[in-house]
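Examining the three-dimensional arrangement
The residues making up each chain are set out below.
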Amino acid sequence: MTKKILILLFFLGSFFMHSQNLVWRTNMTDAIAISNEQRKPMLILFTASGVPENLQNEIFKTPDFAVWSRDNVILVKLDLSDINASEGDKEQNLKLKNAFGVENLPEVCYASASIRKNKTTFSALGKMTYKPGGAQSWISESNAILHPSE
C-alpha cells in the first residue's frame, strides 16, 4: 500500500513540476531573437495585477499546455502593471498593447516579428481571451490560429 502511494505521488509530482517549467520572457527584444532563432511565433500574454486568474490557472498551469507551448511558441508575458519595469519597457508594452488592439486583460496575441535596420516589424497572427473549456480547447483554437491551412 505504501509503495502504491509513493508511486502515485511521484507521478502526480512530475505532472505538477512539468507544468511549472514554463519559461516566460519579459523582454520583447530577447523574445524576438529567440522566436526568430527557433522559428516559432510568440504567444504574448498582456496582463496586469488584479486581472482574473482563470487563464493562468485553467490553461497555462496544465501539463498539456506546457508540452504544447514548448513545441509551438515562445512565451512572452507583458505585465502592464509591473512597478519594476523601466519607463522605456512600460511605454513599449503599452504601445504593443495598443498596436495589437488589446482591450481586455488578460489577452493573448500570437505574432512573429523581424528586425531590419533597427526597426521592428510585427506580424499579428491572431488573438484570444479566456474562454471556459480547458487546455485542450485552448490548444485547438491556438492551433487553428497558428496553422490556418490545416
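The coordinates are above.
A brief structural summary. Everything numeric here is computed off the predicted structure, so don't read it as measured data. (Residues numbered from 1 in each chain as written. Predicted model: local features only at pLDDT ≥ 70, side-chain atom pairs only at ≥ 80, totals over all residues. Heavy atoms only, no water.)

Moving on, we come to the side chain of S35. Structurally, S35 is set in helix α2 (residues 28-38). Discounting residues that sit within four places of it in the chain, S35 has contacts with K40, P41, M42 and I74. (Helix = DSSP H or I, 4+ residues; strand = E, 2+ residues; numbered from the N terminus. Contact = heavy atoms within 4.5 Å.)

Let us now look at the packing of aromatic side chains. What describes a pair of aromatic rings is the distance from one ring centre to the other and the angle between the planes of the rings. All chains considered together, the criterion is met by 6 aromatic pairs. On the basis of an interplanar angle of 55 degrees and a centroid distance of 6.2 Å, the ring pair of F46 and F100 is categorised as tilted. Taken together, the positions of F46 in strand β1 (residues 42-47) and F100 in the loop between α5 (87-99) and β3 (107-116) put the pair 54 residues apart, joining distant regions of the chain. Taken individually, F46 and F100 each receive the classification buried, so the pair is uniform in this respect. Between F60 and F65 the ring centres are 4.7 Å apart and the planes differ by 45 degrees, which places this aromatic pair in the tilted class. Neither residue differs from the other here; F60 and F65 are each classed as buried. (Phe/Tyr/Trp six-rings, centres within 6.5 Å; stacked < 30°, edge-to-face > 60°. Buried < 20%, exposed > 50% of the residue type's maximum accessible area, 1.4 Å probe, protein only.)

What follows concerns α5. Over its 13 residues, α5 runs 18 Å from end to end, which matches the ideal 18 Å to within 8%, given 1.5 Å per residue. Among all positions of α5, only N93, L96 and K97 are buried. End-on, the buried residues of α5 take up no more than an arc of 100 degrees, which puts them together on one face. In this structure, α5 carries E87, K95, N98 and A99 as exposed residues pointing more than 90 degrees from its buried face. Lining the buried residues of α5 we find α2, β1, β2 (74-79) and β4 (119-129). Note on α5: the residue one or two positions beyond its end, G101, has a positive phi of about 70 degrees. (Expected span 1.5 Å × (residues − 1). Arc of directions from axis to C-beta.)

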